[in-house]
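This is what each chain is made of:
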Amino acid sequence: MINEAEKERMRKLRKTFDMLRRLEKVIFRPFFPYRRHGNLTRHNEGPLIIIGNHYSIWDVIPAAMATDRAVHFMAKNELAKIKFGSWNVGEQALDWLQCIPVKRDGSDVQAVKTCLKYLKNGEVINIFPEGTRNHSYEQFLPFKGGAAALAIKTKAPIVPVIQIERMRVFHMVDVVYGDPIYLTQFYGKRLTADEIEKIDEWLRAVMMNMRQAYIDRHHPKLKPLKPKKEKNRK
């Protein structure tokens, strides 16, 4: 049972997202336009995991449009260190949006516990399984994992949201929404790490096939992105 403090937290976040969706229509879309294709059902009941490919910080916008509810975004914990002068804008933004900070290597146990709590409450989380931004259109990066295990544990459907191109100012981008994926054949089973990894690889293949099928039909001459050099990371 959800206690009153949790209900208040959920109500507060819902108000925040209602405001952000209004701003999305009048501020974001005129500058970063995109078209939605595929299964445009609004998934407004029960736990939900939204996954997608990752090109830029703006990827969260079409992902959030898969539902009318609030969405908890998994965000790398480095974002909490962003400052504007003495104002720790990153940390306050993550708190305001109730994001789930996660370590880049995917070993964050607390992040997993937080995801499980939200999903068991019937809430929505968004994961970019590539773990970092992809600077190429050729393939998706290897998945870090997590989405499949969470979906099996909580019996939550997974909705893939696939961007055909990276969002750019005044450039129309197509976004394809897939049918919800239910991993029912794995519910209640004890799976090894290798078995979970194979399910994540299958999810990656499904998403890549969705994107390629749309490109073959509508954008056969899509120009690839030129890979960027990755900065050295500690």
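Residues numbered from 1 in each chain as written. Predicted model: local features only at pLDDT ≥ 70, side-chain atom pairs only at ≥ 80, totals over all residues. Heavy atoms only, no water.

**Digging into the overall build of the chain**
Heads up, the condition is: Put simply, DSSP H or I for four residues or longer makes a helix, DSSP E for two residues or longer makes a strand, and each gets a number counted from the N terminus. The quantity called the radius of gyration is restricted to C-alpha atoms. Its globule counterpart is 2.2 Å times the number of residues to the power 0.38. For each residue, the accessible area found with a 1.4 Å probe, counting protein chains only, is set against the maximum for its type, and the residue is called buried under 20%, exposed over 50%, and partly exposed in between. We call two residues in contact whenever any of their non-hydrogen atoms come within 4.5 Å of each other. Residue exposure ignores everything except the shown protein chains as possible cover, and the areas themselves are Shrake-Rupley values with a 1.4 Å probe.
What the chain contains, in helices and strands, is six helices and seven strands. Secondary structure elements of the chain occur, N-terminal to C-terminal, as α-β-β-α-β-α-β-α-β-α-β-β-α. In terms of overall size, the chain behaves like a compact globule, its C-alpha atoms giving a radius of gyration of 18 Å where 234 residues would be expected to give roughly 17 Å. Structurally, the chain occupies a C-alpha span of about 55 × 50 × 40 Å along its principal axes. Relative to its 234 residues, the chain shows a buried fraction of 43%. Put simply, 75% of the contacts in the chain that link residues at least 6 apart link residues at least 24 apart. Element-wise, carbon and sulfur atoms account for 56% of the exposed surface of the chain, whose accessible area totals about 13,800 Å².

**Overview of the nonpolar core**
To keep it simple, the criterion reads: Definition used in this section: a nonpolar core is a set of buried Ala, Val, Leu, Ile, Met, Phe, Trp, Tyr and Cys residues joined via side-chain atoms within 4.5 Å.
The biggest cluster of nonpolar side chains holds 30 residues, and the ones touching the most others in it are Ile-49, Ile-51, Ile-125, Ile-127, Leu-150, Ile-158 and Leu-183. Looking at this core, the elements with two or more residues in it are β2 (48-52), β4 (100-102), α4 (109-120), β5 (124-127), α5 (147-154), β6 (158-163) and α6 (193-218). Each residue touching Ile-125, except ones within four places of it in the same chain, is listed here: Leu-48, Ile-49, Ile-50, Val-71, His-72, Ile-100, Cys-115, Tyr-118, Leu-119 and Leu-150. Counting residues in hydrophobic clusters, the runner-up holds 25 residues, among them Ala-64, Met-65, Cys-99 and Val-173.

**Observations regarding unusual backbone geometry**
Positive phi values are uncommon outside glycine, yet Lys-155 reaches one of about 60°. Inspection of the secondary structure puts Lys-155 in the loop between α5 and β6. The phi dihedral of Phe-170 falls on the positive side, at around 60°, and the residue is not glycine. Here Phe-170 lies in the loop between β6 and β7 (173-177).

**A few points about a nonpolar patch on the surface**
Selection rule: Like charges are joined within 9 Å and nonpolar side chains (Val, Leu, Ile, Met, Phe, Trp, Tyr) within 5 Å, but only among residues with over 30% relative accessible area and no salt bridge; these make up the patches. Salt bridge criterion: a side-chain nitrogen from Lys or Arg within 4 Å of a carboxyl oxygen from Asp or Glu.
Taken together, the side chains of Met-19, Leu-23, Val-26, Ile-27 and Trp-96 define a hydrophobic patch exposed on the protein surface, amounting to about 470 Å² of accessible area. When residues of the nonpolar patch are assigned to their parent elements, the largest contribution, four residues, is made by helix α1 (residues 4-31). Here Trp-96 lies in helix α3 (residues 89-96).

**Quick word on the packing of α5 against α6**
As a reminder, the rule being used: Orientation is described by axes fitted as lines to C-alpha atoms, over the contacting stretch for helices, and by angles from 0 to 180 degrees between their N-to-C directions. Roughly parallel covers angles under 35 degrees, roughly antiparallel covers those over 145, roughly perpendicular covers 65 to 115, and oblique covers all other angles.
Where α5 contacts α6, the axes come no closer than 8 Å and their chain directions differ by 110°. Our classification of the angle between α5 and α6 gives roughly perpendicular. Residue-level contacts link Ala-147, Ala-148, Ala-149 and Ile-152 of α5 to Ile-196, Ile-199, Asp-200 and Leu-203 of α6.

**Topic: α1**
For clarity, the threshold we go by: Residue count minus one, scaled by 1.5 Å, sets the expected span of a helix. Here the bend at each residue means the angle between axes fitted to two seven-residue stretches, the one ending at that residue and the one beginning there.
The end-to-end C-alpha distance of α1 is 40 Å, a good match for the 40 Å that 28 residues give at a rise of 1.5 Å each. By the largest-angle criterion, Glu-24 marks the main kink of α1, which is about 50°. Every buried residue belonging to α1 is among Glu-6, Arg-9, Leu-13, Thr-16, Phe-17, Arg-21, Glu-24 and Phe-28, and all of these are buried. Along its buried surface, α1 packs onto β1 (34-38), α2 (60-64), β3 (72-76), α3 and α4.

**Regarding the state of the cysteines**
Basically, it comes down to this: Cysteine sulfur atoms are paired as a disulfide whenever they fall within 2.5 Å.
Inspection of the entire model under this criterion finds zero disulfides. With no disulfide partner, Cys-99 has as its closest neighbouring cysteine sulfur the one in Cys-115, 11 Å distant. On the basis of relative accessible area, Cys-115 is assigned to the buried category, the value being 1%.

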